[in-house]
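Tertiary structure, described
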2 protein chains.
Amino acid sequence: MKIAIIGTGSIGKMLGRKWAEAGHEVMFGSREAVRAQAVAAEIAGTMGGGVVEAAAFCEAALLAIPWYAFTDIERAIGEGLDGKIVIDCINPLKSSGSLAIGHKWSAGEEIARTWHRAKVVKAFNHIHVKTFENPVYDGKKATAFYCSNDDDAKTAIVQLAADLGLAPVDAGPIKNARLLEPLGALWMQLAFKLHHNTDLAFLLVDRE
Amino acid sequence: MKIAIIGTGSIGKMLGRKWAEAGHEVMFGSREAVRAQAVAAEIAGTMGGGVVEAAAFCEAALLAIPWYAFTDIERAIGEGLDGKIVIDCINPLKSSGSLAIGHKWSAGEEIARTWHRAKVVKAFNHIHVKTFENPVYDGKKATAFYCSNDDDAKTAIVQLAADLGLAPVDAGPIKNARLLEPLGALWMQLAFKLHHNTDLAFLLVDRE
């Protein structure tokens with residue numbers, strides 16, 4: 001496949017290199033063509049050029065730019081990607097780390113605001129009955145993300161999740177219910193609409 | 001711990017039973033006390049009663065109700081959970097399956113609208129360079145969720161993700177970028193703010 005990598009950051013470089021190694025034709029594109037050419041010079045079998053050139057070259061474009069740069073890139077490329085595949089890997093984050101689009105409030109925050117003298121923790125919203133029944137998948141415990149502003153609530157939820165055989169993972173303050181509630185909705189989409197299997201769970205995996 | 005389970009649905013029953021088995025004192029609470037008592041009668045070592053009674057009894061309450069019921073429950077309980085731990089496992093969903101709070105738009109949809117003649121797919125926004133470098137965690141490939149309204153884009157992304165050694169998983173239409181972008185933001189919270197380790201990835205696990 002002919003792939004344009006729009007953007008010369010670490011993700012774009014990594015994917016361009018891996019796809020070139022897998023046999024794809026890769027061209028980096030940047031608003032400053034020389035920057036894309038410099039990246040291409042480092043990565044065997046790839047080319048570099050302006051964004052218009054990269055768009056014209058490709059069958060599929062990876063959009064690996066910060067969200068604030070999209071308007072400029074869109075103006076530069078114009079209709080250059082019409083009919084082509086565009087892979088969007090952008091997280092539209094503000095400098096605070098919160099999402100720039102949507103996601104302004106959550107049930108968890110509403111509950112914490114309503115019961116502001118209680119110690120509210122968001123948890124278990126992305127875990128199904130089948131996972132509670134048997135939380136171990138191929139030897140690994142399903143992850144139970146939780147978030148709260150209250151230390152007592154966090155201590156309690158760690159124990160209560162462990163009592164269920166789950167692996168509790170701290171997901172930060174109650175504000176992050178804005179992130180865990182979409183995870184619950186994603187689970188439902190996967191289980192009910194896409195894969196027709198409710199014995200699904202998320203695992204957070206790491207290498208220290 | 002003294003735990004109130006507010007709600008008598010499948011999640012509440014399952015967790016009440018598991019926590020009772022783990023040695024906690026469990027009381028089910030429902031706006032119709034007789035319903036909670038019926039549930040308690042089925043589950044050894046648990047009690048049932050009204051929501052006010054359950055709130056008064058507990059140290060920690062699991063809120064296992066539909067989101068639309070929260071206002072009524074809150075009116076019924078009043079200050080009954082002040083100072084106590086409240087575990088919120090609610091997904092605030094509308095009947096359409098979308099979230100009732102926040103999450104009205106996404107970068108993926110904006111890009112697909114702007115380039116409506118291109119074939120836009122949201123992907124790779126929740127995967128870090130370290131995962132691209134080595135996508136296998138303890139013998140399992142990290143999951144690459146993607147969403148798109150375009151079949152060509154989906155076919156392409158499955159191949160391109162496989163070329164990276166990832167396990168591609170269809171997450172539905174481009175509208176679900178509203179769910180994948182929070183997943184990217186969750187990854188960042190976990191990696192940079194909470195666990196200080198960027199070699200983290202999500203796995204979707206299942207049992208057929």
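Each remark here, short or long, concerns the structure printed above.
**What about the nonpolar core?**
In this structure, Ile6, Leu63 and Trp115 of chain A together with Ile6, Leu63 and Trp115 of chain B are the most contacted members of the largest nonpolar core, which totals 86 residues. Apart from the residues lying within four places of it in its own chain, the contact partners of Ile6 of chain A are Gly29, Val51, Ala54, Ala61, Leu62, Leu63, Ala64, Ile65, Ile73 and Ile77 of chain A. Core analysis: the second largest hydrophobic core is formed by 77 residues, Ile157 and Ala201 of chain A together with Ala64 and Val129 of chain B among them.

**Regarding the sheet that holds strand β4 (residues 60-63) of chain B**
With mixed pairing, the 8 strands of this open sheet are ordered in space as β10(A)-β9(A)-β6(A)-β5(B)-β4(B)-β1(B)-β2(B)-β3(B). If you trace the sheet from one side to the other, it starts and ends with β10 (167-170) of chain A together with β3 (46-50) of chain B, each paired once. Neighbouring strand axes in the sheet, compared pairwise and without regard to direction, differ in orientation by 25 degrees on average. Where strand β6 (residues 119-123) of chain A and strand β9 (residues 143-148) of chain A come together, 3 bridges link them in antiparallel fashion. Note on β9 of chain A: the bridge partner recorded for Val121 of chain A is Ser148 of chain A. Against the sheet, helix α5 (residues 107-114) of chain A engages β6 of chain A together with β4 and β5 (85-88) of chain B, with an angle of about 165 degrees to β6 of chain A. Contacts from helix α2 (residues 33-42) of chain B reach β2 (25-30) and β3 of chain B within the one sheet, and its direction differs from that of β3 of chain B by about 175 degrees.

**Brief notes about the interface of chain A and chain B**
Contacts between chain A and chain B engage 105 residues on the former and 104 residues on the latter. At the boundary of chain A with chain B, total buried surface from both sides reaches about 8,900 Å², with 68% on carbon and sulfur atoms. The largest contributions to the chain A side of the interface with chain B come from Asp88, Trp115 and Arg207 of chain A, which together make up 10% of the buried area. Taken together, the links from chain A to chain B amount to 8 salt bridges. Asp199 of chain A is the salt-bridge partner of Arg207 of chain B, the closest N and O atoms lying 2.9 Å from each other.

**Remarks on the pairing of β3 of chain B**
Residues and elements named next belong to chain B. Here β3 lies mainly inside the structure; 4 of its 5 residues are buried. Of the strand pairs in this sheet, β2 and β3 are connected by 5 bridges, and their pairing is parallel. Its bridge partner being in β3, Met27 is matched across the sheet by Met47.

**Re helix α1 (residues 10-21) of chain B**
Residue and element names in this part refer to chain B. Here α1 spans 17 Å end to end across 12 residues, near enough to the 16 Å set by a 1.5 Å rise per residue. Restricting attention to buried positions, one finds in α1 the residues Gly12, Met14, Leu15, Gly16, Lys18, Trp19 and Ala20. Looking one or two residues past α1, Gly23 carries a phi angle of roughly 100 degrees, positive in sign.

**Some remarks on the sheet that holds strand β2 (residues 25-30) of chain A**
Pairing is mixed in the open sheet, where 8 strands are placed in the order β3(A)-β2(A)-β1(A)-β4(A)-β5(A)-β6(B)-β9(B)-β10(B). One side of each edge strand has no neighbouring strand; the edge strands of this open sheet are β3 (46-50) of chain A together with β10 (167-170) of chain B. Adjacent strand axes in the sheet meet at a mean angle of 25 degrees, parallel and antiparallel pairs treated alike. Sheet contacts for helix α5 (residues 107-114) of chain B: β4 (60-63) and β5 (85-88) of chain A together with β6 (119-123) of chain B; angle to β6 of chain B, the most-contacted strand, approximately 165 degrees. Sheet strands in contact with helix α8 (residues 177-194) of chain B are β5 of chain A together with β6 and β9 (143-148) of chain B, and its direction is about 145 degrees off that of β9 of chain B.

**Here's the deal with the relation of the copies chain A and chain B**
Here chain A sits on chain B after a turn of 180 degrees about the axis and a move of 0.0 Å along it, with an RMSD of 0.0 Å. Here the transformation between the copies is reduced to the relation of a two-fold axis. Here 99% of the interface residues in chain A have copies in chain B that are interface residues too; the copies meet face to matching face.

Rules used throughout
Residues numbered from 1 in each chain as written. Chains lettered and ligands numbered in written order. Predicted model: local features only at pLDDT ≥ 70, side-chain atom pairs only at ≥ 80, totals over all residues. Heavy atoms only, no water. Core = buried A, V, L, I, M, F, W, Y, C linked by side-chain atoms within 4.5 Å. Buried < 20%, exposed > 50% of the residue type's maximum accessible area, 1.4 Å probe, protein only. Contact = heavy atoms within 4.5 Å. Pairing = 2+ DSSP bridges. Helix = DSSP H or I, 4+ residues; strand = E, 2+ residues; numbered from the N terminus. Axes fitted to C-alpha atoms, helices over the stretch in contact; angles between N-to-C directions. Buried area = accessible area lost by both parts, 1.4 Å probe. Salt bridge = Lys/Arg side-chain N within 4 Å of Asp/Glu carboxyl O. Expected span 1.5 Å × (residues − 1). Least-squares fit on C-alpha atoms with pLDDT ≥ 70 in both.

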